[in-house]
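# Survey of secondary and tertiary structure
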Amino acid sequence: NNYRIRFKGIGLDENQQMHIALQDSVLTANIFAGSEKTEVLVQINDGPWHSMTKTNMVSPNVALIIEKNKADFLPTPGNRVLPLRNRPSPHIWQLKDKRISNLSGLLKVRISARDPFGFSATQEQWFFQSQD
């Protein structure tokens, strides 16, 4: 009764425990070892921390790879077609907030995820968002 689960993605550094995307002013985090008990918080540009909402959707990264597979964009040298399924992921969190849509320029996004079973991960990523 003294164990911890840690996800290790194929081809990913063992410390990479999430994928973060910012698209159309919606911030999405795929927390690889996330569960119903995981709390996910986001901080933008060193501002206050905000809770993200668990969402049942296809991972944006998986959707992009599926789209590239269908368009015969993949495989390329060093890549291969990945047999990914277009199904909702149980470990996606989002922040849809007007504060994001009002921001432009370089954004520093820091996401922290924790659960009561000892899982803990933090990742920081930079995005550029323009106001079109």
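Scroll up to find the structure.
These lines cover the structure that appears in this document, whether it is placed above or below. (Residues numbered from 1 in each chain as written. Predicted model: local features only at pLDDT ≥ 70, side-chain atom pairs only at ≥ 80, totals over all residues. Heavy atoms only, no water.)

### Describing the sheet that holds strand 6 (residues 89-96)
Strand order in the open sheet made by the four strands is 1-2-6-5, with antiparallel pairing throughout. Either end of the sheet is taken by a strand with one partner, and the two such strands are strand 1 (18-23) and strand 5 (53-57). On average, adjacent strands in this sheet sit at an angle of 30° to one another, irrespective of strand direction. In this structure, strand 5 lies alongside strand 6, joined through four bridges in antiparallel fashion. Within strand 6, the residue paired with T55 across the bridge is I92. (Pairing = 2+ DSSP bridges. Helix = DSSP H or I, 4+ residues; strand = E, 2+ residues; numbered from the N terminus. Axes fitted to C-alpha atoms, helices over the stretch in contact; angles between N-to-C directions.)

### Re a nonpolar patch on the surface
Residues L106, W126 and F128 make up a contiguous nonpolar surface patch of about 400 Å² in total accessible area. Take W126: it is sitting in strand 8 (residues 120-129). Here W126 falls in the partly exposed class, since its relative accessible area comes to 49%. (Patch = residues over 30% accessible without salt bridge, like charges linked within 9 Å, V, L, I, M, F, W, Y side chains within 5 Å. Areas by Shrake-Rupley, 256 points an atom, 1.4 Å probe, with all protein chains shown as cover. Salt bridge = Lys/Arg side-chain N within 4 Å of Asp/Glu carboxyl O. Buried < 20%, exposed > 50% of the residue type's maximum accessible area, 1.4 Å probe, protein only.)

### Details of the pairing of strand 1
Sheet topology places strand 1 next to strand 2 (residues 26-31); six bridges connect them, and they run antiparallel. Within the sheet, the bridge partner assigned to L22 lies in strand 2 and is L27. Where strand 1 folds back onto strand 2 in an antiparallel hairpin, the turn is made up of two residues, including D24, whose phi is positive at roughly 55°.

### Here we look at the layout of surface pockets
Taken as a whole, the second largest pocket holds about 150 Å³ of empty space. Along the walls of the second largest pocket sit 11 residues, with D24, S25, F128, Q129 and S130 positioned nearest its centre. Residue assignment for the lining of the second largest pocket shows that the elements contributing at least two residues are strand 1 and strand 8. Element by element, the count of residues in the lining of the second largest pocket is highest for strand 8, at three residues. Here the lining of the second largest pocket is built from residues that sort into three nonpolar, six polar and two charged. (1 Å grid on protein atoms, 1.4 Å probe; cavity = no way out; pocket = protein on both sides within 12 Å on 5 of 7 lines; lining within 4 Å. Points joined across faces, edges and corners; volume = space filled by probe spheres on them. Nonpolar A, V, L, I, M, F, W, Y, C, P; charged D, E, K, R; others polar.)

### Side note on the environment of A21
Looking at where A21 falls in the secondary structure, it is placed in strand 1. Residue A21 is classed as buried on the basis of its relative accessible area, which comes to 14%. Through-space distance from the C-alpha of A21 to that of Q125 is 9.1 Å; in sequence the pair is 104 residues apart. Once residues lying within four places of it in the same chain are set aside, the contact partners of A21 are V26, L27, T28, P60 and F127. (Contact = heavy atoms within 4.5 Å.)

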